[in-house]
Amino acid sequence: MIEIDNVSFRHGVAPVLQDVTLLLPKGGLTALVGPNGAGKSTLFSLMARLLKLQSGEIRFDGMDVATTTSMELARKIAILRQDTHVTARLTVRDLIGFGRFPHHRGRPGPDDEEMIEKGLELFELSGLSERYIDELSGGQRQRALVAMAYVQDTDYLLLDEPLNNLDMHFARTLMKQLRYLADRYGKTIVVVLHDINYAAAYADRIVALKDGRLSAQGTPEEIMTADCLGALFDMEIVIETVRGRRIALHHAG
Amino acid sequence: MGRKLLALSLLALLSIAAFLLLGTRGNWEFALTFRAGKLIALICVAIAVAVATVVFQTLCANRILTPSIMGFDTLYALFQTLLVFLLGCLGYAGLNAELKFLLELLLLGGGAFLLFGLLLGEGAQDLFRMLLAGVIFGILFRSVGNLLQRLIDPNEFAVVQGALFASFNSVNTGLLRMAVPMVVLSTALVWWRRHRLDVLALGRNHAISLGLNHRGELFFFLSIVSILVAVSTALVGPVAFFGLLISAAAHEVLRTHRHSLILVAASLLAIIALVGGQAVFERVLGMAGTLGLVVEFLGGLVFLAMIFKRGMA
């Protein structure tokens, strides 16, 4: 369970988050959505301990991110930020292998190798395993990074806009893989998403932020209404149902 | 990989043998003891510069920076100038070498701790803010040093200048009792945490995600870098491009991300360049040139080449 308690955050004097309190049960896929500047990435960074909490508390299964050691947290949560570029000269296999670091601390054993193989296979990277990451396309690199977070083998997986570099094909594949990880291994996954339709199609829960406050949360059916989305993004959004799915027609209006 | 390291080790041994044995005449016992002291000093400097530069570049995720950007060299230069200014030529020459060495270490170490302690916060950009502060302090130290150099008389100025050029010919072997343990201890600490360097090379976000206390690791490794820089500067004077040259060569030869290999390769390369180079200059060329000059010249060329390559890419 992820407990976010009264979290506020400000950059200088500008408030970015104000009294966000949120309870996410264990298991399932949660999408974090909202307009630009709503504080999604800040909330993400606070959950991922990339930013230091200014006020409030965040706990994963009772582990307080402010007081638990980074190494302990690394075996509980894996994170992937949107703007990570790796400059080191690594092969895909090396990169994914780093996901095992919190478990082996530099001395990999056979079970680490096994996990890396599983990661390569699951994310269709076996053919690319010896390629250097600076020779990959943006989408391939993104998949390798997600695979690295996967082999970290944690209960929680936090991803900040993982679809950013991906084309339609890989965006859908990645969301399906995340869905599979949640369903098959019972992982708790939190994804910051821009496209509300992806959130609606794959998430169990949608949490919407606006102006640094929690604006709405619920199942995709509850959030995918013209009223709710309209208020969230300050625009008129038509919701249609196509083949049993609610689709927000936000791109043209 | 293993074969390359083996070849480098052999070359390093060859350089050491050449340094000890080439052109030895007369009393062997005297010659070898005399040269062994100098050899140990050169190896100390080689390892200190190589390890400091490789670690520093990994922390900054930048291969064209060297620890000298933090302004240590200029602080060292200012200190020498200040000593000559206050004590005069004779007083400077008569200073107890060990005391001076300790003072230099304290000064450079203290400066480093102030810089890190005050400026290295929790934020993502803090490392670069700290480096910029180092650059600015470097300019301040250099300007004050220049001012003092203008105030002293020309003879004293010549003494200062002599102290500020890196010199591998006149290494003070009397300082080794202090320098060797410090280099050994520092490199041992780096070696103990070499796997963490591999993770730090992935950048701040990944390092945190993989369970490192990023700020703590930066502080730890930067402290070691500053000790190594202080030792090597106090032994032979400031070397700007030597570390850059060595680190670039090590990365080029091995093409790996593993610091266990890079650190060893860089140290071996540095020993080959310093010890082998010094053997050639002293014994073969009969002191016709200075190694320091050549090393800095080559290092400068590599630096330019790296910048242009970056510009093209």
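Residues numbered from 1 in each chain as written. Chains lettered and ligands numbered in written order. Predicted model: local features only at pLDDT ≥ 70, side-chain atom pairs only at ≥ 80, totals over all residues. Heavy atoms only, no water.

A. Spatial organisation of the domain arrangement of chain A. All names here are of chain A. By the assigned domains, chain A splits into domain 1 (1-76 + 154-217) and domain 2 (86-152). Using only C-alpha atoms to locate each centre, domain 1 and domain 2 end up separated by 23 Å. The interface of domain 1 with domain 2 comprises 19 residues on the first partner and 16 residues on the second. Carbon and sulfur atoms make up 66% of the area that domain 1 and domain 2 hide from each other, which totals about 1500 Å². Considering only the side of domain 1, the residues that lose the most area to domain 2 are M71, R75 and Q177, jointly responsible for 30% of the buried surface there. On inspection of domain 1 and its partner domain 2, the count reaches 0 salt bridges. Between domain 1 and domain 2 we count 5 residue pairs in polar contact (both at pLDDT 80 or more) in total. If you list the elements that add at least two residues to the side of domain 1 that touches domain 2, you get α2 (70-74), β7 (156-160) and α7 (168-185). If one sorts the elements of the side of domain 1 that touches domain 2 by residue count, α7 sits on top with 7 residues. Residues that form the side of domain 1 that touches domain 2 fall into these classes: 12 nonpolar, 4 polar and 3 charged. (Domains from an automatic or database assignment. Contact = heavy atoms within 4.5 Å. Buried area = accessible area lost by both parts, 1.4 Å probe. Salt bridge = Lys/Arg side-chain N within 4 Å of Asp/Glu carboxyl O. Polar contact = N/O pair within 3.5 Å; in protein donor to acceptor, adjacent residues only side chain to side chain. Helix = DSSP H or I, 4+ residues; strand = E, 2+ residues; numbered from the N terminus. Nonpolar A, V, L, I, M, F, W, Y, C, P; charged D, E, K, R; others polar.)

B. Region of the structure containing the pattern of salt bridges. All names here are of chain A. On inspection of all chains with the given rule, the structure shows 21 salt bridges over all chains. Taking the shortest distance from any N to any O, the salt bridge between D153 and K187 comes out at 3.8 Å. Here D153 is found in the loop between α6 (138-151) and β7, whereas its partner K187 is found in the loop between α7 and β8 (188-192), with 34 residues between them in sequence. D153 sits in the partly exposed class, given a relative accessible area of 37%. Of the residues examined, K187 reaches a relative accessible area of 7% and is grouped as buried. Among the ionic contacts, a cluster of salt bridges with common partners joins E3, D5, E57 and R59. (Buried < 20%, exposed > 50% of the residue type's maximum accessible area, 1.4 Å probe, protein only.)

C. Broad picture of helix α5 (residues 126-151) of chain B. Residues and elements named next belong to chain B. Between its terminal C-alpha atoms α5 stretches 38 Å, which fits the 38 Å expected from 26 residues at 1.5 Å a residue. Taken together, the buried positions of α5 are D126, L127, M130, L131, A133, G134, G138, F141, G145, L148 and Q149. The inward-facing, buried residues of α5 contact α2 (28-60), α3 (72-93), α4 (97-119), α6 (154-164) and α10 (214-236). (Expected span 1.5 Å × (residues − 1).)

D. Molecular detail of the sheet that holds β8 of chain A. Residues and elements named next belong to chain A. As summarised here, the arrangement of the 6 strands in space is β6-β7-β8-β3-β9-β10, forming an open sheet in which the pairing is mixed. The open sheet has two free edges, formed respectively by β6 (77-80) and β10 (213-218), since each of these has just one partner strand. Going across the sheet, the axis of each strand differs from the next one's by a mean of 15 degrees, ignoring polarity. When β6 meets β7, the two strands line up parallel, connected through 4 bridges. Residue I77 lies in a different strand from β7, and its bridge partner there is Y156. Running over the sheet, helix α10 (residues 226-233) touches β3 (28-33), β9 (205-210) and β10 and is turned about 35 degrees from β9. (Pairing = 2+ DSSP bridges. Axes fitted to C-alpha atoms, helices over the stretch in contact; angles between N-to-C directions.)

E. Up close: the interface of chain A and chain B. At the junction of the two partners, chain A supplies 32 residues and chain B supplies 21 residues. Both faces combined, the contact of chain A with chain B buries some 2100 Å², and carbon together with sulfur accounts for 61% of it. Viewed at the interface, chain B and chain A are joined by 0 salt bridges. At the level of secondary structure, the elements contributing two or more residues to the side of chain A that touches chain B comprise α2, β6, α3 (92-98), α4 (101-104) and α6 of chain A. Across the side of chain A that touches chain B, the residue classes tally to 18 nonpolar, 6 polar and 8 charged.

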